Amino acid sequence: MDTDTRPAFAAEDQGIVQALQIDGRAPFRRIAEVLGVSDQTVARRYARLRGAGLLRVLGLTNPLACEETPWLVRVRCTPDAAASIADALARREDTSWVSLSSGGTEITCTVREAPRPRDEDHLLLRRLPRTPRVTDVQAHALLEVFFGQDQAQIVKTGPLTQDQKRALVSEDAPPGTREEFGRWSRRQVSGLGRTLDPAERRLAAVLARDGRASIGELAEATGWSPTTVRRRLGELRRAGVLYFDLELHLDLVNQGMRAGLWVDVEPTSLARAGAALGAQAEVMFAGAVTGEHNVYANVSCRDSQALYRYLTESVTAIPGIQRIVTAPVHRTIKGPGPFLRPMGGS
């Protein structure tokens, strides 16, 4: 009998992982109080998970609030070139969530594009169509996030109760987060159009590598006092400019049956249908996009039968959805952060 050796979170760790997804900088003391364990236990388990490469907390800036355009990009290429092109995309700091789909003939990724680039020839969206063995490039601007960015599937499927989730939400979270658990959107982002100053960019660069970097490390990087670091962190978080996410070992991400869904929704039903879609347990990400389809979602199910039931029962129950095009995800090569990390993934 074969033994499944794929990595997984132990039952006693799932509450900690869910808590960190809700607030990546939550003090171990607060997590311990919510879970009913000691803060030493939380610290020890987190150190073990991080040391094993199973997870890492990242502090990331919200492109919708930083004068950047987030694009969901589909790259079709010849099968012999897909893996190498995907690897090259994953090494860029302006990409995240790089995946191979549709039998390995299509790459999907998220690209952040600055509004006024100094070197337009360096822009990825301009260079991709000229790349050898790329047959088609489609770029869809991300307009609204119904679920994703700072939240992940475990927020909906983990062991914590609603009261425990609310207790973990940071006081620095944007208004409404305690009820919605951090759904970023243009309507909630008060810092829309914010340009980071040089010290804030240095702060963001440290947090993008370690979202739980100490106040002392952040003070050294920015030149601010510890008091200023705490104050500015709070301001950036409340404005929706800065959020925290978990980067998981890629073998964890690549489990189950996953698919990208390109969805046509009646325009008058877009907000309601998007919110309903984002609330479903199978959905890892859902957002409104430009292009032929007006919603994109990424879903994860246990197996192909579970995906079939989801497509024929759960999605079709949402009013306003007219058509769904499914693209099976073969492998994710890069997760949410700007830096490609050697955290496994097959």
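Please read all numbers here as calculations on a predicted model, not as lab measurements.

Enquirer: I'm lost on helix α4 (residues 82–90) in this one. Help?
Expert: Three or more residues of α4 are buried, namely Ala 82, Ile 85, Ala 86, Leu 89 and Ala 90. Along α4, the residues classed as buried sweep out an arc of 140 degrees about the axis, all on the same side.

Enquirer: Please clarify how the packing of aromatic side chains should be interpreted in this entry.
Expert: Aromatic ring pairs are described here by two measures, namely the spacing of the ring centres and the angle between the planes. Taken as a whole and judged by the stated rule, the model has two aromatic pairs. A ring pair is formed by Trp 262 and Tyr 296, whose centres lie 4.6 Å apart and whose planes are at 50 degrees; its orientation type is tilted. Placement of the pair is Trp 262 in strand β7 (residues 257–265) and Tyr 296 in strand β9 (residues 295–301), with a sequence separation of 34 residues. Residue Trp 262 is classed as buried on the basis of its relative accessible area of 1%. A residue is classified by how much of its surface remains accessible, and Tyr 296, at 5% relative accessible area, is buried. For Arg 212, the ring lying beneath its charged end belongs to Tyr 46, and the centroid distance is 5.6 Å.

Enquirer: What is the right way to read the sheet that holds strand β4 (residues 106–113) from this model?
Expert: Hydrogen bonds between backbone groups are what pair the strands of a sheet, and the pairing can be parallel or antiparallel. If you walk around this closed barrel you meet the eight strands as β2-β4-β3-β10-β7-β9-β8-β5, and the pairing is antiparallel. Neighbour to neighbour, the strand axes of the sheet diverge by 35 degrees on average, direction disregarded. Pairing geometry for strand β3 (residues 95–101) and strand β10 (residues 321–334), over four bridges, is antiparallel. In the strand pairing of β10, Leu 100 is matched with Arg 331. Contacts between α4 and the sheet are confined to β2 (69–77), β3, β4, β5 (134–147) and β10, with β3 contributing the most and set at about 170 degrees to the helix.

Cut-offs used in this document
Residues numbered from 1 in each chain as written. Predicted model: local features only at pLDDT ≥ 70, side-chain atom pairs only at ≥ 80, totals over all residues. Heavy atoms only, no water. Buried < 20%, exposed > 50% of the residue type's maximum accessible area, 1.4 Å probe, protein only. Helix = DSSP H or I, 4+ residues; strand = E, 2+ residues; numbered from the N terminus. Arc of directions from axis to C-beta. Phe/Tyr/Trp six-rings, centres within 6.5 Å; stacked < 30°, edge-to-face > 60°. Lys NZ or Arg CZ within 6 Å of the ring centre and 35° of its normal. Pairing = 2+ DSSP bridges. Axes fitted to C-alpha atoms, helices over the stretch in contact; angles between N-to-C directions. Contact = heavy atoms within 4.5 Å.

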